[in-house]
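What follows is each chain in one-letter form.
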Amino acid sequence: MSARTLPLLFLNLGGEMLYILDQRLRAQSIPGEKARKVMNDIITTMFNKKFMEELFKPQELYSKKALRTVYDRLAHASIMRLNQASMDKLYDLMTMAFKYQVLLCPRPKDILLVTFNHLDAIKDFIQDSPTILNQVDETFRQLIDMYSCLSAGEFQLIRQTLLIFFQDMHIRVSIFLKDKVQNSNGRFVLPISGPVPWGTEVPGLIRMFNCNGDEVKRVEFTSGGNYVIPQREGSFDLYGDRVLKLGTNMYSASRPVETHMSGASKSLTSHTKENAAPNPLAKEELNFLARLMGGLEIKKPSGTEPGFRLNLFTTDEEEEHAALTRPEELSYKVINIQATQDQERNKELAQIMGEFEVTDQPRQSTSKGDDLLAMMDEL
């Protein structure tokens, strides 16, 4: 697995999270100033300098539950609150959207263009906040420095690492189902037509060469698809035309999205085994979360502005029903970490979580934990 996958995974999932939250804030008619504050607070936290320093350190990916813990905290970095079912749905939408984008990338290196599309959109959200814009631009430069020198083989390893991470996730999404790019079992339908990867040719011709490297024969064949050569390569610079549309916003207030548990997802044995068996990476995951969360400096609001709850479902009744019917193996409620014997570690985690609290308003579906382990239990 590639040790340079985590920044791309985190930033792309974060970009999808912001698209979805923006769509729901508009759909629920949240006042513009309050909605902008929510987006600014989350983006400011997401691109915190210390947090990004930890994120860009070469490291292996950990479980979905560990990363979900970080996104839960990011989503609540402002006055907005999400109940458990809405947070589950948000994470499902984020992961399935990015999984689809990874599958559709014409070439592995284009994952970087997808990331740039997400960051370009994030900059549009905060165009009136120059300080936050500088934070995002700094992350842009870090991405360019880290990934511009990687070979095609290294990008292929990153792509395979991402696909392994997503391979057991088959949540059906209404937009994908309506567009017929996802089957009823939650698996994606990949196109057999469209632009070929930059630097390649349209399939349909076989060339044969002799031992001297001279072409001696040509054979044409029917490719079975309608392929075209892209007019130009997307820009990998700080500013520019990415050409690739993957990673741009596919949501709108007039096009709501719903998720559905597919039969395949309900019976995933791999998830069940993950819950039943001790996780050999448990201690490392705890250290990973401690480092990332330690880098997140979330400032407490003044308390003068009231919080509000955002519902990703059409009604509260649908949200309650989703919470009751969600398969246990997809609930992300427990991370099996045994750290009770290490009192010093518990003190450190308690201190980290103390700095991580963002508001005095409790989430409606859970009670606050005193330390990281208790908070993980709430998930």
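Residues numbered from 1 in each chain as written. Predicted model: local features only at pLDDT ≥ 70, side-chain atom pairs only at ≥ 80, totals over all residues. Heavy atoms only, no water.

J.: Give me the lowdown on the environment of lysine 49, citing residues and values where you can.
T.: Here lysine 49 shows up in helix H3 (residues 49-55). Judged by its relative accessible area of 64%, lysine 49 is exposed. Considering only alpha carbons, one finds lysine 49 and glutamine 135, 86 residues apart in sequence, at a separation of 7.4 Å. (Helix = DSSP H or I, 4+ residues; strand = E, 2+ residues; numbered from the N terminus. Buried < 20%, exposed > 50% of the residue type's maximum accessible area, 1.4 Å probe, protein only.)

J.: Let's hear about the nonpolar core: which residues, and what values?
T.: Counting residues in each nonpolar core, the largest one holds 82 residues, and the members touching the most others are Phe10, Tyr71 and Leu90. Broken down by element, this core gets its largest block of residues, 12 residues, from helix H1 (residues 6-27). Residues contacting phenylalanine 10, with those up to four places away along its chain left out, are Met46, Phe51, Met52, Leu55, Val70, Tyr71 and Leu74. (Core = buried A, V, L, I, M, F, W, Y, C linked by side-chain atoms within 4.5 Å. Contact = heavy atoms within 4.5 Å.)

J.: Can you lay out the side chain of serine 129 for me, pointing to particular residues and giving the numbers?
T.: Relative to the helices and strands, serine 129 is located in the loop between helix H6 (110-125) and helix H7 (130-147). Here serine 129 falls in the buried class, since its relative accessible area comes to 15%.

J.: Pulling in residues and values, what's your account of the packing of H1 against H7?
T.: Relative orientation of the contacting elements H1 and H7 amounts to 145°, with a least axis distance of 12 Å. By crossing handedness, the relation of H1 to H7 is classed as left-handed. Residues Pro7, Leu8 and Leu11 of H1 form the contact with H7, whose own contacting residues are Thr139, Leu143 and Tyr147. Partitioned by chemical class, the residues of the contact of H1 with H7 number five nonpolar, one polar and no charged. (Axes fitted to C-alpha atoms, helices over the stretch in contact; angles between N-to-C directions. Left-handed = near helix turned anticlockwise from the far one by under 90°. Nonpolar A, V, L, I, M, F, W, Y, C, P; charged D, E, K, R; others polar.)

J.: I'd like a description of the packing of aromatic side chains, backed by residues and values.
T.: Across all of its chains, the model carries 11 aromatic pairs by this definition. Considering the side-chain rings of phenylalanine 116 and phenylalanine 140, the 5.1 Å spacing of their centres and the 50° angle between planes classify their relative orientation as tilted. Of the two residues, phenylalanine 116 is situated in helix H6 and phenylalanine 140 in helix H7; the sequence distance between them amounts to 24 residues. With respect to burial, phenylalanine 116 and phenylalanine 140 carry one shared label: buried. (Phe/Tyr/Trp six-rings, centres within 6.5 Å; stacked < 30°, edge-to-face > 60°.)

J.: Provide a residue-level description of the environment of methionine 96, including the pertinent values.
T.: Residue position: methionine 96 is located in helix H5 (residues 84-104). The class for methionine 96 is buried, based on a relative accessible area of 0%. For methionine 96 and phenylalanine 176, which are 80 residues apart along the polypeptide, the C-alpha to C-alpha distance reads 9.6 Å. Among all residues touching methionine 96, those that are not within four sequence positions of it are Met169, His170, Ile171, Val173, Phe176, Gln182, Gly186 and Phe188.

J.: Could you give an account of the layout of surface pockets, naming the residues involved and the relevant values?
T.: Size it by volume and the largest pocket reaches roughly 650 Å³. Residue assignment for the lining of the largest pocket shows that the elements contributing at least two residues are H5, H6, strand E3 (194-195) and strand E6 (227-228). No other element matches the three residues that H5 contributes to the lining of the largest pocket. (1 Å grid on protein atoms, 1.4 Å probe; cavity = no way out; pocket = protein on both sides within 12 Å on 5 of 7 lines; lining within 4 Å. Points joined across faces, edges and corners; volume = space filled by probe spheres on them.)

J.: Provide a residue-level description of the environment of isoleucine 126, including the pertinent values.
T.: Checked against the element boundaries, isoleucine 126 lands in the loop between H6 and H7. The buried category is assigned to isoleucine 126, whose relative accessible area is 0%. It is 9.6 Å that separates the C-alpha atoms of isoleucine 126 and valine 136, two residues lying 10 residues apart in sequence. Leave out the neighbours within four places in its chain, and isoleucine 126 touches Asn40, Ile43, Ile132, Leu133 and Val136.

J.: Give a detailed account of the pattern of salt bridges, specifying residues and quantitative values.
T.: Under the definition given, this model contains 14 salt bridges. In this structure, aspartate 120 and arginine 242 form a salt bridge, with 2.9 Å as the shortest nitrogen-oxygen distance. Here aspartate 120, found in helix H6, pairs with arginine 242, found in the loop between E6 and strand E7 (259-260); they are 122 residues apart in sequence, far enough to count as distant. For glutamate 215, the salt bridge goes to arginine 218, with nearest N and O atoms at 2.3 Å. Several salt bridges converge on common partners, so that one network encompasses Glu201, Arg207, Glu215 and Arg218. (Salt bridge = Lys/Arg side-chain N within 4 Å of Asp/Glu carboxyl O.)

J.: Give a detailed account of the side chain of threonine 95, specifying residues and quantitative values.
T.: Mapped onto the elements of the fold, threonine 95 is located in helix H5. Classification of threonine 95 by relative accessible area gives buried; the value is 0%. If we ignore the near neighbours within four places in the chain, the residues touching threonine 95 are Leu13, Phe166 and Met169.

J.: Residues and numbers for a nonpolar patch on the surface, please.
T.: A contiguous nonpolar surface patch, about 390 Å² in accessible area, is contributed by Ile206, Met208, Val216, Val219 and Phe221. Of all the secondary structure elements, the ones that give two or more residues to the nonpolar patch are strand E4 (205-209) and strand E5 (215-220). Among the secondary structure elements, phenylalanine 221 is positioned in the loop between E5 and E6. (Patch = residues over 30% accessible without salt bridge, like charges linked within 9 Å, V, L, I, M, F, W, Y side chains within 5 Å. Areas by Shrake-Rupley, 256 points an atom, 1.4 Å probe, with all protein chains shown as cover.)

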